[in-house]
Amino acid sequence: MKTALRIALVAALLTGALSAVAPVTAASDAAGPPRYVALGDSYAAAPLVPPPDPADPMCLRSLSGYPHIAAEALGAHLTDVTCSAATTDHLSTSQYPGTAPQYDALTPAADIVSITIGGNDADVFGEALDCVNILPPPHGTSCAEENTAGGTDRVRARIDAWAPVFGTALDEITRRAPNAEVFVVGYGNYLRTDGCHPAQPFWKQDANYIQGVVDHLGAVLRRTAEEHGATFVDTYTPGIGHDICAAPADRYIEGLVPTRPAAPLHPNAAGARVIGDALATAVRGTGTALPEAS
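Each value, and the rule that gives it
- Residues numbered from 1 in each chain as written.
- Predicted model: local features only at pLDDT ≥ 70, side-chain atom pairs only at ≥ 80, totals over all residues.
- Heavy atoms only, no water.
- pLDDT = per-residue confidence, 0-100.
- Contact = heavy atoms within 4.5 Å.
- Buried < 20%, exposed > 50% of the residue type's maximum accessible area, 1.4 Å probe, protein only.
- Helix = DSSP H or I, 4+ residues; strand = E, 2+ residues; numbered from the N terminus.
- Pairing = 2+ DSSP bridges.
- Right-handed = clockwise from strand over helix to strand, strands pointing away.
- Phe/Tyr/Trp six-rings, centres within 6.5 Å; stacked < 30°, edge-to-face > 60°.
- Axes fitted to C-alpha atoms, helices over the stretch in contact; angles between N-to-C directions.

Peer 1: What should I look at first to understand the confidence of the model for the protein chain in this one?
Peer 2: Do not read the fine detail of predicted coordinates wherever pLDDT is low. Here the protein chain averages 90 in pLDDT, while 88% of its residues score no lower than 70. Of the regions scoring below 50 in pLDDT, residues 1-5 engages in twelve contacts with residues more than four places distant in sequence or in other chains. Predicted confidence for residues 7-30 stays below pLDDT 50, and this span has 44 contacts to residues more than four positions away or in other chains.

Peer 1: Can you walk me through the pairing of strand β4 (residues 181-185) in this structure?
Peer 2: Each regular strand carries side chains that alternate between the two faces of the sheet. Of all five residues in β4, four are buried, a share of seventy percent or more. Inspection of the sheet shows strand β3 (residues 112-116) paired to β4 by four bridges, in the parallel sense. Paired with Ile115 across the two strands is Val184, which belongs to β4. Inspection of the sheet shows β4 paired to strand β5 (residues 231-233) by three bridges, in the parallel sense. Paired with Phe183 across the two strands is Thr231, which belongs to β5. For the segment spanning β4, helix α8 (residues 204-227) and β5, crossover handedness is right-handed.

Peer 1: Sorry if this is basic, but what is going on with unusual backbone geometry here?
Peer 2: Most peptide bonds adopt trans geometry, and most residues besides glycine take a negative phi value. For the bond running from Pro50 to Pro51, omega is -5 degrees, close enough to zero to count as cis. Take Pro51: it is sitting in the loop between α2 (42-45) and α3 (66-74). One non-glycine residue, Ala46, adopts positive backbone phi at about 55 degrees. Along the chain, Ala46 falls in the loop between α2 and α3. Even without a glycine there, the phi angle at Leu60 is positive, about 50 degrees. Mapped onto the elements, Leu60 comes out in the loop between α2 and α3. Note on Leu60: relative accessible area 36%, which makes it partly exposed.

Peer 1: Help me understand the packing of aromatic side chains, please; the structure alone is not making it clear to me.
Peer 2: Working definition: an aromatic ring pair is given by the centre-to-centre distance plus the angle between the planes. For the structure on display, the rule yields four aromatic pairs. Centre to centre, the rings of Phe125 and Tyr187 are 5.7 Å apart; their planes meet at 55 degrees, and the pair counts as tilted. Taken together, the residues span a long stretch of sequence, with Phe125 in helix α5 (residues 124-129) and Tyr187 in the loop between β4 and α8 at a distance of 62 residues. Connected via pairs of aromatic rings, a cluster forms that spans Tyr43, Phe125, Tyr187 and Tyr190.

Peer 1: Even after reading the chapter, I still don't get the sheet that holds strand β2 (residues 77-80), so can you show me in this structure?
Peer 2: Strands pair in a sheet through their backbones, by hydrogen bonds, and they do so in one of two ways: parallel or antiparallel. Strand order in the open sheet formed by five strands is β2-β1-β3-β4-β5, and the pairing between neighbours is parallel. Either end of the sheet is taken by a strand with one partner, and the two such strands are β2 and β5. In this sheet, neighbouring strand axes are inclined to one another by 25 degrees on average, regardless of whether the strands run parallel or antiparallel. In this structure, strand β1 (residues 35-40) lies alongside β3, joined through five bridges in parallel fashion. Bridged to Leu39 within β3 is Ile115.

Spelled out as structure tokens, the structure:
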């Protein structure tokens, strides 16, 4: 996921080659629905999942991404500024002409803020594309071996170096939206142990390496969230058995050649719904004031 375009090109090449929900907390007053602001990258934006959001076509944002699912479940008023290919820099700077910095959506009136970010900062999914091997070993190169040559995992090192940047971002979110509960939504379950080559063209060691890197990013997101007063939302556990190796009808994340409308290596509509439900459950768990159930 260096860019959504790069993933789409790889997918095109490969095509020819191969809740339990807690009770709702009553609102403390009649001031109206809670105000929810969604920040983040394409994991939140759900590119190519219909229907598209016409408000900002460059961001490839869906009206069925997890922020919309959570907002509906919570009875919240949503401002969704997630954008495909976003990095932490795009929280404070414009990503495209006419696209405002994502921080601009934050105000003291916000009650809930969610964010998924970091995959592009560390180029985690761009690295995943470099792990593709259509043929079995030894007809290719192991990305796991390349990235750990010399005893240092260079992708994990990038994630670790980025962690303080994310901490600063969480502090800025709190400064701009001091009354909001902040939720860090993690990246999910992409590949099961040993993968499923050749159905998904990653060798065993590389499938394990890719998921290990995603898990490391998730651990950094969780730790940083806890250090900065935010709540981490686990999306790995709900995705067990629903990774890109699952039967097409059971996948929450699409493979390199999607079988349902979604960008490769991104949540499809079913995945977005599960993530949105997990976020809504997490919001309820913090005691955030919500409207009376009708």
